[in-house]
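# Overview (structure and organization)
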Amino acid sequence: MADLPDAATCYELLARMALIRRFEEEAGRQYQRARAGGFLHLAIGEEATIVGTTSVMRDEDFLIGTYRTHGHAIARGTEPKRVMAELFGRVDGTSGGRGGSMHIFDAEKRFMGGYGIVGGNLPIAAGISLASQYKGEDAVTVCMFGDGASNTGNFGETMNLAALWKLPVLFLVENNLYGMGTSVERHSAQTDLSKKAEGYGVPGARADGMDVIAVREAVAAGIEEAREESRPTLLEVVTYRYRGHSAADPEVYREREEVEEWQEKDPIEQFAKRCLEAGVLGEREVQQAREAAEETVKAAVEFAEASPEPALDTMYENLYARTEPSGGWYAVDERSPEPHRGEDEAEMPDAARELAEAGAAYAGQPEGPRPNPATHGDAQEGVEPRVAAEREVGDEPESAPAEQAINEEDDD
Ligand SMILES: Cc1ncc(C[n+]2csc(CCOP(=O)(O)OP(=O)(O)O)c2C)c(N)n1
Ligand SMILES: [Mg+2]
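Everything numeric here is computed off the predicted structure, so don't read it as measured data.

## Remarks on the overall build of the protein chain
- When helices and strands are tallied, the protein chain shows 15 helices and seven strands.
- Counting over 412 residues, the protein chain shows a buried share of 46%.
- A separation threshold of at least 6 residues defines the contact pool for the protein chain, and within that pool the share at least 24 residues apart is 72%.
- Only carbon and sulfur atoms are counted for the fraction: they give 50% of the accessible area of the protein chain, which is about 20800 Å².

## Focus: unusual backbone geometry
- For the bond running from G113 to G114, omega is 25°, close enough to zero to count as cis.
- The phi dihedral of A34 is positive, around 60°, even though this residue is not glycine.
- Inspection of the secondary structure puts A34 in the loop between helix 1 (7-32) and helix 2 (47-54).
- A positive phi is found at M180, a non-glycine position, where the angle reads about 50°.
- The residue M180 is located in the loop between strand 4 (178-179) and strand 5 (182-183) in this model.
- Residue class for M180 comes out partly exposed when judged on its relative accessible area of 34%.

## Quick word on the pairing of strand 3 (residues 169-175)
- When you tally the buried positions in strand 3, you get seven out of seven residues, the bulk of the element.
- Judged by which residues are buried, strand 3 turns out to be covered on both faces: V169, F171, V173 and N175 on one side and L170, L172 and E174 on the other are all buried.
- One crossover worth recording links strand 2 (residues 141-146) to the parallel strand 3 by way of helix 6 (residues 153-164), and it is right-handed.
- When strand 3 meets strand 7 (residues 233-238), the two strands line up parallel, connected through six bridges. Bridging across to strand 7, L172 finds its partner in L235.

How each quantity is defined
Sequence order sets the numbering: in each chain, residues are counted from 1 along the sequence as written. Chains and ligands are labelled sequentially in the order written, the chains with letters from A and the ligands with numbers from 1. With the structure being a predicted model, the display of local features is reserved for residues of pLDDT at least 70 and the display and counting of side-chain atom pairs for 80 or more, all residues being used for whole-chain, interface and lining totals. The basis for every side-chain value is the complete set of non-hydrogen atoms in the structure, without hydrogens or water. Put simply, DSSP marks the helices as runs of H or I at least four residues long and the strands as runs of E at least two long, and each gets a number from the N terminus on. Burial status follows relative accessibility: with a 1.4 Å probe on protein chains alone, a residue under 20% of its type maximum counts as buried, one over 50% as exposed, and anything between as partly exposed. What makes two residues a contact is simply this: any of their non-hydrogen atoms within 4.5 Å. With residues, only the protein chains shown are counted as cover, and all accessible areas are computed by Shrake-Rupley using a 1.4 Å probe. The path from the first strand over the helix to the second decides the hand: if it runs clockwise while the strands point away from the viewer, the crossover is right-handed. In this description, strands pair whenever DSSP reports at least two bridges between them.

Just geometry here; none of it tells us what the structure is for.
Shown next, in the form of structure tokens:
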């Protein structure tokens, strides 16, 4: 077992992990109350992986993650109150309240997001590290993603280019043993994920993701390899999320006992115990770390509540592309550039009804007035609306407050 660092560093590691834990518990609670909207993916249980990693990064290094990254941003130094305001969809959030939980971003702290596309952040990480290399800068990019993401095409493509171009990047797979409800044994032919990029020329290593010191050492080695030798590595960090995949996960794919077994190895409890036993920290300091977390999170909620919602007339600001009037309602039609029938929002109500009637007539259904699907969904009696009917098991529902509460434990 690796030695403990000095007392100040140990306190910092403990305090950061405690803060992230408290922040996420509170985020879950605020989601249940429908103050935080959209989707919510908590990383409770994975704090040592997050904090161990960021604790050995320099300010100039870049971090990029997934949709489970409240803690990653906080660990990089983003103010918790701005992350909370983002969850609340308020103007003082990290993305002005327009991104929400899955899209935390803080360019100043070089936290490059926040992505909802599984594996989508890998090629972006390659691009960021290519830019550093091209500009002759010293910065290393750390790219964190899940075990499930290691099955995407992006993974192979990115590993190939990272090795070929000798990019200063550390790929860190946060193996929490599941991709949504599918265990790693059921989704990956190679279950030793550290080996998964060897064939591309990216060597791998493995670390215990419940041990903050082990993560620190392994990440430091990978970062050094990237910074000094300009070589990518793949580090697999084995960890566990205590909560469901998202806030609406009935968790039918694992037993309660399994979760409890991992909770026995809780990264915060374990580390606090070790610091106490080694005499590096005292009870008073451990308590202080917890109280400080409590205070910061309380202030973050107050800040988020007080922050206004974005004004309606700013809705189209910061959009990458917009046409006037906004054509292409939900389909792309390449016949000619102008909007076609059914594609212009302004004409939608009538056009949708006419199209629905034409469709019904074609299908041999009796003619006659039908509800407008643009405003009422497909409201034939006894027929589920299409969106609900086509939703697969495991898909996440929209953020109706009633559905948000499905899997949350009693936080209050
Ligand atoms: C390209 C793509 N495919 C599928 C999804 C749906 N999806 C969201 S999260 C997820 C599981 C990913 O698991 P993993 O990479 O292990 O990350 P974890 O959620 O465990 O942190 C899936 C399949 C998606 N968002 N993007
Ligand atoms: Mg996973």
